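The residues making up each chain are set out below.
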Amino acid sequence: MVINFGAGPAKLPREVLCEVQKDLVEHGTSGMSVMEMSHRGNAYVALHNDTLALVKELLDVPDNYKILLMQGGGTGLFAAVAMNLMGKTGKADYIVTGSWSSMAAKEAARYGTINYVVPKQDKFTGIPDPAQWKLDPEASYVYYCDNETIGGIEFDSVPETNGVPLVVDMSSNMLSRRVDVKKVCISKRY
């Protein structure tokens, strides 16, 4: 038996893999796989809408929120966040606690002024006490990575931003625990 203890992809039950394999050849009773469907066809539209409804239910997403299924990978969305959100003030707060938030802040710096909420660290060992944070009330948003997989650092709660919109990268731990989505303006999951 092979066991993967990595922080990224994990072993799935054989039953799940077999169901996905079957769906890969033919989704439901459509006669084709999802990869062969038109993105405008009824079968795909139904799958898309069912997926959005399930995500909304599982995450308890309020009705006034929109769920976007996007491509681009982690680093592609680092730029998308900054390019779409920083325009309000040209400034953003980044809570850098590891490699992923560090890369996000570096990319965002191409589009405006970045305030490092916690002092820059040579080695990431934990999340500094929020009493030490220096949030900018004029920031367009506050960004943090909820689970820094490379260093093994994970937030245990959603940070308080004093009303500044919050962006969270939960690409490695989305749906691993309950999160109050109402505290978050944007959550990134790849």
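On a predicted model such as this, the values are computed, not experimentally measured, just so you know.

(A) Expanded view of helix H2 (residues 42-59). For H2, spanning 18 residues, the distance from its first C-alpha to its last is 26 Å, which sits close to the expected 26 Å at 1.5 Å a residue. Positioned one or two residues after H2, Asp60 has a phi angle of 55°, which is positive.

(B) Fine view of a nonpolar patch on the surface. Nonpolar side chains collect at one region of the surface, where Leu12, Val16, Leu17 and Val20 lie side by side and expose about 340 Å² of accessible area between them. Position of Leu17 among the secondary structure elements: in helix H1 (residues 14-25). By relative accessible area, which is 45% here, Leu17 ends up partly exposed.

(C) Just the pairing of strand S6 (residues 166-169), in detail. Covered by surrounding structure in S6 are Leu166 and Val168 together with Val167 and Asp169, the residues of both alternating faces. Where strand S3 (residues 142-145) lies against S6, four bridges are found, and the strand directions are parallel. Bridge assignment links Tyr144 to a residue of S6, and that residue is Val168.

(D) Region of the structure containing the pattern of salt bridges. The full count for this structure, using the stated rule, is seven salt bridges. Between Asp136 and Lys91 there is a salt bridge; the shortest N-O distance is 3.2 Å. Of this pair, Asp136 sits in the loop between strand S2 (113-116) and S3 while Lys91 sits in strand S1 (residues 91-95), and the two are 45 residues apart along the sequence.

About the thresholds
Residues numbered from 1 in each chain as written. Predicted model: local features only at pLDDT ≥ 70, side-chain atom pairs only at ≥ 80, totals over all residues. Heavy atoms only, no water. Helix = DSSP H or I, 4+ residues; strand = E, 2+ residues; numbered from the N terminus. Expected span 1.5 Å × (residues − 1). Patch = residues over 30% accessible without salt bridge, like charges linked within 9 Å, V, L, I, M, F, W, Y side chains within 5 Å. Areas by Shrake-Rupley, 256 points an atom, 1.4 Å probe, with all protein chains shown as cover. Salt bridge = Lys/Arg side-chain N within 4 Å of Asp/Glu carboxyl O. Buried < 20%, exposed > 50% of the residue type's maximum accessible area, 1.4 Å probe, protein only. Pairing = 2+ DSSP bridges.

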